[in-house]
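Take a look at the letters that make up each chain.
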Amino acid sequence: MTSLKHSHTFGLNASCEKIHYIDSIEALKLHYQRSDRQAEYILGEGSNTIFLDDFEGDVVLNQLKGKAHQENENSHNLSVGSGENWHDLVSWTLAQKIYGFENLALIPGTVGGAPIQNIGAYGVEIAQFITSVEFYDIDENRMKLIKNEECRFGYRDSIFKHELFNRCFITAVNFLLPKKHTVNATYAPLDTLIKPCPEEIYTKVIEVRKSKLPDPKVQGNAGSFFKNPVISKEKLKSLLATHSKIPYFEVNDSAVKVPAAWLIDQLGFKGKEYRGVRCHDKQPLVLVNSGNGDGEGLLMLAREITQKVTQAFDIKLENEVRLVGRQGLVTL
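The shown structure was predicted, so the numbers you read here are calculated from the model rather than taken from an experiment.

Participant: With reference to specific residues and values, describe the overall build of the protein chain.
Facilitator: Regarding its fold elements, the protein chain presents seven helices and 21 strands. Taking 2.2 N^0.38 as the reference for a compact globule, 332 residues should give roughly 20 Å; the C-alpha atoms of the protein chain span a radius of gyration of 20 Å, in line with that estimate. Principal-axis analysis of the C-alpha atoms gives the protein chain an extent of 60 × 55 × 35 Å. A burial count over the protein chain gives 49% of its 332 residues as buried. Long-range contacts, defined as pairs at least 24 residues apart, comprise 61% of the intrachain contacts of the protein chain with a sequence gap of at least 6. By element, 48% of the accessible surface of the protein chain is carried by carbon and sulfur atoms, the whole surface being about 15,900 Å². The average position of the 39 basic charges and that of the 41 acidic charges among the side chains of the protein chain differ by 4 Å.

As structure tokens, then:
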């Protein structure tokens, strides 16, 4: 068995049968053409996966690197290896005076994880910059390309979480960033900046994220554990009758997004701990490993939070983080 403790940022003690390191397309094809493959889980930097228990299979670790940049009169076109670190890419684009990613600074994980999650922050989602995603189809043993409109991007969602889950290994993501760029400073606290440039947005986002979120290198965590729920405006109206201070953000004409952190905070979960897994003292949307946490403790705390939020607000929270047990994905 091979330890996974340092392969996922939550840092629970878990192991797998074997880790396969994929650093080239050739290595990828050779790996999936083997006839003796067993159950597998594809992993990047492990910032959005928590191994709750020993995984009875192999882990395939994405280490595909590389960046290609082309430009024309109107835009920058980037093709980036899926194993590249996301924040490093954001920093690199700003250094090259390529703008658009600045609101997404310091989001943990790899470039390959960005389209899977449709990562987003401060009013920007990565889907608006993706032109296509290149991947290896495991079932068909061949490379494919899927265009943006086929990816079915939604809030922290995409086709890669559904039909293509465990069927594809993302190899590269292709982006288009317009040269005529307007910064997005509509979300607090960016809205306090006066005519900010992209570099100022980048710096402020990093400052805010560092002040609110624990560093996984210091304290094991996987960032925001739950998604912010999207509810109908009709449901919001009934909630406001009993919870007049509930915050919300308009999604469209019929729906709003409610901060999960606010819901959790109202129920007094900050600092609550089960078997070494604690609801963070400053940001209740984040669950942390106190150092001796285990999978059972995490499930106990996460399930109590979801149950209490449902009872109090009639809102069902969904975990944003992937939970992996002995046989694969675990649901709350």
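Moving on from the coordinates now.
Participant: So what about helix α1 (residues 25-32)? Which residues, and what values?
Facilitator: The set of residues buried in α1 consists of L28, H31 and Y32. Along α1, the residues classed as buried sweep out an arc of 85° about the axis, all on the same side. Set apart from the buried face of α1 by more than 90 degrees, the exposed residues are E26 and L30.

Participant: Kindly report on the packing of helix α2 (residues 86-95) against helix α4 (residues 198-212), identifying the contributing residues and their values.
Facilitator: Axis separation between α2 and α4 bottoms out at 11 Å; the angle between their running directions is 155°. Between α2 and α4, the angle is such that the two are roughly antiparallel. When you trace α2 past α4, the crossing you get is left-handed. Between α2, through H87, V90, S91 and L94, and α4, the contact on the second element is made entirely by P198, E199, Y202 and I206.

Participant: Go over the layout of surface pockets with me, naming the residues and quoting the values.
Facilitator: Estimated volume of the second largest pocket: approximately 340 Å³. The wall of the second largest pocket is formed by 15 residues, among which N319, V321, R322, L329 and T331 lie closest to the centre. For the lining of the second largest pocket, the per-class residue count stands at seven nonpolar, two polar and six charged.

Participant: I'd like to hear about the sheet that holds strand β4 (residues 40-43), residue by residue, with values.
Facilitator: The three strands are arranged β3-β6-β4 in an open sheet whose pairing can be described as parallel. Whereas interior strands pair on both sides, the edge strands pair on one side only; in this sheet they are β3 (18-22) and β4. Pairs of neighbouring strands in the sheet enclose a mean axial angle of 25°, with direction left out of account. Inspection of the sheet shows β4 paired to strand β6 (residues 58-62) by four bridges, in the parallel sense. Bridging from a neighbouring strand, E40 pairs with D58 of β6.

Participant: Mind laying out the packing of aromatic side chains, listing which residues take part and the relevant values?
Facilitator: Within this structure, the stated rule accounts for eleven aromatic pairs. The interplanar angle of 75° and the centroid separation of 5.7 Å between the aromatic rings of Y41 and F51 together place this pair among those described as edge-to-face. Linking Y41 in strand β4 with F51 in strand β5 (residues 49-51), this pair joins segments that are ten residues apart in sequence. An identical accessibility class is assigned to Y41 and F51; each is buried. Judged by centre distance (4.9 Å) and plane angle (75°), the rings of F225 and F226 are edge-to-face.

Participant: With reference to specific residues and values, describe the sheet that holds strand β13 (residues 168-178).
Facilitator: What the five strands build is an open sheet, ordered β7-β8-β13-β11-β12; its pairing is antiparallel. The open sheet is flanked by β7 (67-71) and β12 (142-147), the only strands paired with a single partner. Each strand axis lies, on average, 15° off the axis of its neighbour in the sheet, ignoring direction. In this sheet, strand β8 (residues 75-81) lies alongside β7 in antiparallel orientation, the contact comprising five bridges. Bridge assignment links E71 to a residue of β8, and that residue is H76.

Thresholds applied
Residues numbered from 1 in each chain as written. Predicted model: local features only at pLDDT ≥ 70, side-chain atom pairs only at ≥ 80, totals over all residues. Heavy atoms only, no water. Helix = DSSP H or I, 4+ residues; strand = E, 2+ residues; numbered from the N terminus. Rg over C-alpha atoms; globule rule 2.2 N^0.38 Å. Buried < 20%, exposed > 50% of the residue type's maximum accessible area, 1.4 Å probe, protein only. Contact = heavy atoms within 4.5 Å. Areas by Shrake-Rupley, 256 points an atom, 1.4 Å probe, with all protein chains shown as cover. Lys, Arg positive; Asp, Glu negative; His and termini not counted. Charge placed at Lys NZ, Arg CZ, Asp CG, Glu CD. Arc of directions from axis to C-beta. Axes fitted to C-alpha atoms, helices over the stretch in contact; angles between N-to-C directions. Parallel < 35°, antiparallel > 145°, perpendicular 65-115°, else oblique. Left-handed = near helix turned anticlockwise from the far one by under 90°. 1 Å grid on protein atoms, 1.4 Å probe; cavity = no way out; pocket = protein on both sides within 12 Å on 5 of 7 lines; lining within 4 Å. Points joined across faces, edges and corners; volume = space filled by probe spheres on them. Nonpolar A, V, L, I, M, F, W, Y, C, P; charged D, E, K, R; others polar. Pairing = 2+ DSSP bridges. Phe/Tyr/Trp six-rings, centres within 6.5 Å; stacked < 30°, edge-to-face > 60°.

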